[in-house]
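Structural characterization, general
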Amino acid sequence: MKLAKNTWVMFVIVLIATGWITVDNRYFKPRPVKFIIPPGWPQPVYDFSKNPLTEEGFVLGKQLFYDSRLSKDGNFSCGSCHQQFGAFNTYDHNLSHGFNNALTTRNAPGLFNLAWQKEFMWDGGINHLDLQPLAPITAENEMAETLESVTSKLRSDNQYRKLFKAAFGDETINYQRIGKAMSQFLLQLVSSNSKYDKVMRGEASFILPEQLGYEIFQKKCTGCHAEPMFTDFTYRNTGLPLDLSVSDMGRMKITGDKNDSLKFKVPSLRNVAMTFPYGHDGRFFSLLSVFEHYRKNMVVGPTTDVLLQKKLILSNFEIGQLTAFLYTLTDSTFLKDSRFAPPGFENNANPPADIHQ
Amino acid sequence: MKTIFFIFTCVLLISVTSMGFIRDGDNKIQQRQLALIFQHTMGGDKLVLGTPCKNILGENIIIEKFKYYVSNFSVTDNNGQITKLPAQYFLIDEADPLSKNIILTIPGASIKSICFLLGVDSIKNVSGVQTGALDPLNGMFWTWNSGYIMAKLEGTSEVSAAQGHYFTYHIGGFKNGMNTTRMISLELPEKEVRANQITITAEINQWFKGKSELKITETPVCHSPSALAMRIADNYSTMFSINAAH
């Protein structure tokens, strides 16, 4: 009897002890989110251990992504240049409208599958996803003053203080947390449900032109647009003549290496039907003009890729089949996924009106 | 029952006592505090931002900003034993008097030399957004080409051909071949080995004539990782000295 009593006493002591250890964190229990790697895909490169995904982090990140107060003049959110129905590119615009800065000399790429990407921007200048928001927010290269005003805008907002607390445990608002929260949203933009993916999973099959297009694609394109990401994340010169009005030297701007002159990141071709116009400066208005470039208009220069020294031989027939195949890369589940819609528009079937000017 | 009770007691005892051991262990090495005072000079005179002066090449200049990172400290004792201090990053800013006094916790009573990295090591350049001294808010981070500006010297000079007669040297770059961090090693004068406070002087003229000449007339601007940035970093790596007089 006495022994049993002692055991109980010990048990209670241990319980209290563990309770005491965890009491600090009792009110901070963000709900973890599991990041699912689509079957057959490589491991992501993003280090999730430094920024574990949670429901609360995602909610905050999405709020930030769609908040125009992050911009200097209060007119532009990330979402105004990165629109969901265009796979988060600037739909139907060669250059994005926004602050009058270097960003607008390039075409806004779609945003998806960023967890697999190591470097960002057409020249790969940004080496970590958490850092990405700094570039558009600061607009100019080194406008630290603006950074300050953004954080203070957020700090003075009661709702943000609550969201930061829910996501990180306390109300501290700083750039590290803004970057991490934004990444929580961006990382979950996974596009892996196109017809192509379904065919690969054995859930659907290509019709003949798509199948033929796929075979041509594997012969002529996967050297750079490698499956399953449809990019190998390298930088290549595909013979786009230099546009003298902006003199964008691409990768060379980052490495300072002449051999990198006019090289740009190989873009993913997922959702390519939706991400027109094309090319780093949006100079191609249609897939057809991209093909015309590859087979005719390319200018082969000293840094042009070895795979393209003789341009690409493409017949009209092949272009038709390739186009059919590229259309199978459209992931309408992703384009319409209500989780990624602006806060308040989750149940709205229609996308919000085009909010840019 | 008896065994359960026994196990409980053992577990409790072990956890309580082992906590005690860890605490004790930490205190074994004798630690003390060492204050480093950074002071900035131009031709031997105390630097005053916003006032005209002449650099060693005879160019008239007004310095408006002078900032740099120091990190990865280590100290060497009399026996040549090197101790790496815990990772700490400091942004020394001429405009912020508080930033110019830093406090390190060092082992041992006397040290022979002190060593630090002028700049931010490559790991912190590729690990996303940092806080504290490394917060991008401090204006020492390139957002278009990720990486820290290790050191910054800005001002105006009538000889500068750049817009507004500015000269702006933002020195950064951490990748192989373009790494602008520099290891600085400073011997302590004999009588300072036990001091609790050491003054480190940075002479700005070394930017202009450290290992090679940097003429504002020729190159008023450096804004990206480059051979020029490497050359300027080589120059300013010679700017530090420890004053013997106290």
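All of these numbers come straight from a predicted model, not from anything done at the bench. For every chain, the first residue of the written sequence is number 1, and numbering continues from 1 along that sequence. Ligands are numbered from 1 and chains lettered from A, in the order in which they are written. Whole-chain, interface and lining totals are the exception, using all residues; otherwise, since this is a predicted model, local features are given only for residues with pLDDT of at least 70 and side-chain atom pairs are given and counted only at 80 or more. The side-chain values count all of the structure's non-hydrogen atoms but skip hydrogen atoms and water molecules.

This part covers the overall build of chain B. Helix numbering and strand numbering both begin at the N terminus, where a helix is a DSSP run of H or I of at least 4 residues and a strand a DSSP run of E of at least 2. The number of helices and strands found in chain B is four helices and 15 strands. Only protein chains enter the calculation, and the probe is 1.4 Å; a residue is then buried if its accessible area is under 20% of its type maximum, exposed if over 50%, and partly exposed in between. Counting all 246 residues of chain B, 48% fall into the buried class. We get accessible surface area from the Shrake-Rupley algorithm with a probe of 1.4 Å; when it comes to residues, only the shown protein chains can shield them. As displayed, chain B has an accessible area near 11,900 Å², and 57% of this comes from carbon and sulfur atoms.

What follows concerns the overall build of chain A. What chain A contains, in helices and strands, is 13 helices and two strands. Each of the 357 residues in chain A was classed as buried or not, and the buried ones make up 49%. It only takes one pair of heavy atoms within 4.5 Å for two residues to be counted as in contact. Taking as baseline every contact in chain A between residues at least 6 positions apart, the subset at least 24 positions apart corresponds to 67%. Taken as a whole, chain A presents about 17,600 Å² of accessible surface, with 59% of it coming from carbon and sulfur.

This part takes up the environment of B:T41. Residues and elements named next belong to chain B. Relative to the assigned elements, T41 resides in strand β1 (residues 31-42). Distance from T41 to E203, taken between C-alpha atoms, is 4.8 Å for residues 162 residues apart in sequence. Not counting residues up to four positions away in its chain, the partners in contact with T41 are K46, L47, T201, A202, E203 and I204.

Turning our eyes to something else, we now look at the pattern of salt bridges. Whenever a carboxyl oxygen of Asp or Glu lies within 4 Å of a side-chain nitrogen of Lys or Arg, that contact is scored as a salt bridge. Under the defined criterion, the tally for this structure stands at 25 salt bridges over all chains. Between A:D67 and A:R69 there is a salt bridge; the shortest N-O distance is 3.0 Å. Here A:D67 falls in the buried class, since its relative accessible area comes to 8%. Relative accessible area serves as the criterion here: at 33%, A:R69 is assigned to the partly exposed category. A salt bridge links B:E218 to B:K215; its shortest N-O distance comes to 3.8 Å. With relative accessibility at 31%, the residue B:K215 sits in the partly exposed group.

This part is about helix α11 (residues 287-297) of chain A. Along α11(A), the residues that are buried comprise A:L287, A:V290, A:F291, A:E292, A:H293 and A:Y294. Contacts made by the buried residues of α11(A) are with α12 (316-327) of chain A.

Here we take up the side chain of B:N125. The residue B:N125 is located in helix α2 (residues 122-125) in this model. Polar side-chain contacts of B:N125 include one of 3.0 Å to the backbone oxygen of B:V120. If sequence neighbours within four positions are ignored, B:N125 has contacts with A:N127, B:V120, B:G147, B:Y148, B:M150 and B:F174. Any pair of nitrogen or oxygen atoms within 3.5 Å is treated as a polar contact; in protein, a donor-acceptor pairing is required on top of that, and neighbouring residues in sequence qualify only through side-chain atoms on both sides.

We now examine unusual backbone geometry. Residue A:P228 is bonded to the preceding A:E227 through a cis peptide linkage, with omega at -5°. Note on placement: A:P228 falls in the loop between α9 (208-220) and β1 (235-236). The omega angle of the peptide bond from A:F276 to A:P277 is -10°, so this bond is cis rather than trans. One non-glycine residue with positive phi stands out, namely B:N72, at about 50°. Relative to the helices and strands, B:N72 resides in strand β4 (residues 60-76). Here B:N72 falls in the partly exposed class, since its relative accessible area comes to 25%.

Attention now moves to the nonpolar core. We define a nonpolar core as any set of buried Ala, Val, Leu, Ile, Met, Phe, Trp, Tyr and Cys residues linked to one another through side-chain atoms lying within 4.5 Å. If you look at the biggest cluster of nonpolar residues, it comprises 109 residues, and the most contacted ones within it are B:Y68, B:Y169, B:W207 and B:F240. Ranked by residues supplied to this core, first place goes to β4(B) with eight residues. Apart from the residues within four sequence positions on either side, B:W207 is in contact with B:F66, B:A151, B:K152, B:L153, B:Y169, B:I171, B:L214, B:I232, B:N235, B:Y236 and B:M239. Grouped together as the second largest cluster of nonpolar side chains are 26 residues, A:F206, A:Y278, A:Y294 and A:L312 included.

What follows deals with the domain arrangement of chain A. Residue and element names in this part refer to chain A. Just so you know, the domain bounds were taken from an automatic or database domain assignment. Once the domains are mapped, chain A shows domain 1 (52-191 + 335-340) and domain 2 (195-330). A C-alpha centroid distance of 27 Å is found between domain 1 and domain 2. Contacts between the two partners involve 26 residues from domain 1, matched on the other side by 25 residues from domain 2. Note on definitions: buried area is the accessible-area loss of two parts on being combined, 1.4 Å probe, summed for both. Surface buried jointly by domain 1 and domain 2 totals about 2,200 Å² across both partners, of which 56% is contributed by carbon and sulfur atoms. Inspection of the region where domain 1 meets domain 2 yields two salt bridges.

So, on to helix α2 (residues 55-65) of chain A. With respect to burial, α2(A) is a largely interior element, nine of its eleven residues being buried. Within the span of α2(A), buried status applies to A:E56, A:G57, A:F58, A:L60, A:G61, A:K62, A:Q63, A:L64 and A:F65.

Glancing now at the environment of B:G147. All names here are of chain B. Along the chain, G147 falls in strand β10 (residues 147-156). In this structure G147 comes out as buried when scored by relative accessible area, which is 2%. Sequence separation of G147 and D234 is 87 residues, and the distance between their C-alpha atoms is 19 Å. The contact partners of G147, leaving out residues within four places of it in the chain, are N125, M140, F141, W142 and F174.

All names here are of chain A. A fitted line through C-alpha atoms represents every axis, and for helices the fit uses only the stretch in contact; the resulting angles, taken between N-to-C directions, go from 0 to 180 degrees. Here α2 crosses helix α6 (residues 158-168) at 145°, and the two axes come no closer than 8 Å. Here α2 and α6 pass one another in a crossing that is left-handed. Where α2 abuts α6, its residues E56, G57, V59, L60, Q63 and L64 lie against Q159, Y160, L163, F164, A166, A167 and F168. Three residue categories are used. Nonpolar comprises Ala, Val, Leu, Ile, Met, Phe, Trp, Tyr, Cys and Pro, charged comprises Asp, Glu, Lys and Arg, and polar comprises the others, including Gly. In the contact of α2 with α6, the residues fall into nine nonpolar, three polar and one charged. Crossing handedness is read from the near helix: turned anticlockwise from the far helix by less than a right angle, it gives a left-handed crossing, and turned clockwise, a right-handed one.

Our focus in this paragraph is the confidence of the model for chain B. Residue and element names in this part refer to chain B. Confidence scores labelled pLDDT are given residue by residue by the predictor and lie between 0 and 100. Of the residues in chain B, 87% reach a pLDDT of 70 or more, and the chain-wide mean stands at 88. Across chain B, the secondary-structure element scoring lowest on mean pLDDT is helix α1 (residues 2-27), at 52, and the one scoring highest is strand β6 (residues 89-93), at 97. The ipTM value of the predicted complex is 0.78, and its pTM value is 0.84.

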